[in-house]
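# Secondary and tertiary structure notes
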Amino acid sequence: MGDDELSLTSARRYEAFGRVMAALSTEAEFIESCRDLTWWRGSDHSWHIEWRDGPYASEVAALLAEQVRDPEFDGSLVTPAGPGGSATAVLDVMGVRFELRAIDPLGRDRVRATPGLWRLAEALDTSRATNARHPWEELLGG
């Protein structure tokens, strides 16, 4: 493999990683419900993404299949590359393997139903009438 070909392959790996992380970052519910979100590149140049609590790995895989798109390409850039369940899922994103691992996942339905979980959407909701200060006022010190 020449230097140009290796450079293109490396660029695709990082582009795929960037698209995946961009898709996850737009999902406030995912980010808020996960603890210890980490990622690393595998020895085979795959990417591993791991988190505690939060959604099932299969739910994150479905989210990525829905969100990781390119306007110049008809369809998703994500395809399943192995079995997916509550704890693990394996995806192919633009030819790059992603292994998702959820440790002690709750699932999206349970996360949504958990009382007391602070949510960014609720904190920024200025339409709620309350006698107390809004959470966003607390957050911003207003």
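Here the structure is a predicted model, which means the values were calculated and not measured.

### Focus on the environment of alanine 62
Among the secondary structure elements, alanine 62 is positioned in helix α3 (residues 57–67). Taking the C-alpha atoms as reference points, alanine 62 and proline 80, 18 residues apart in sequence, are found 9.3 Å from one another.

### Some points on the pairing of strand β2 (residues 47–53)
Within β2, six of the seven residues are buried, which leaves it mostly tucked inside the rest of the structure. Pairing geometry for strand β1 (residues 34–41) and β2, over six bridges, is antiparallel. For cysteine 34, the partnering residue across the bridge sits in β2 and is aspartate 53. In sequence, β1 turns back onto β2 through a hairpin of five residues, with histidine 45 there showing a positive phi of about 70°. The sheet contact formed by β2 and strand β5 (residues 96–103) spans six bridges and is parallel. Paired with tryptophan 51 across the bridge in β5 is alanine 102.

### Some thoughts on the side chain of histidine 48
Residue position: histidine 48 is located in strand β2. With relative accessibility at 16%, the residue histidine 48 sits in the buried group. A polar contact is formed between the side chain of histidine 48 and the side chain of serine 46, at a distance of 3.4 Å. Apart from the residues lying within four places of it in its own chain, the contact partners of histidine 48 are Thr38, Trp39, Trp40, Arg41, Gly42 and Glu99.

About the criteria used
Residues numbered from 1 in each chain as written. Predicted model: local features only at pLDDT ≥ 70, side-chain atom pairs only at ≥ 80, totals over all residues. Heavy atoms only, no water. Helix = DSSP H or I, 4+ residues; strand = E, 2+ residues; numbered from the N terminus. Buried < 20%, exposed > 50% of the residue type's maximum accessible area, 1.4 Å probe, protein only. Pairing = 2+ DSSP bridges. Polar contact = N/O pair within 3.5 Å; in protein donor to acceptor, adjacent residues only side chain to side chain. Contact = heavy atoms within 4.5 Å.

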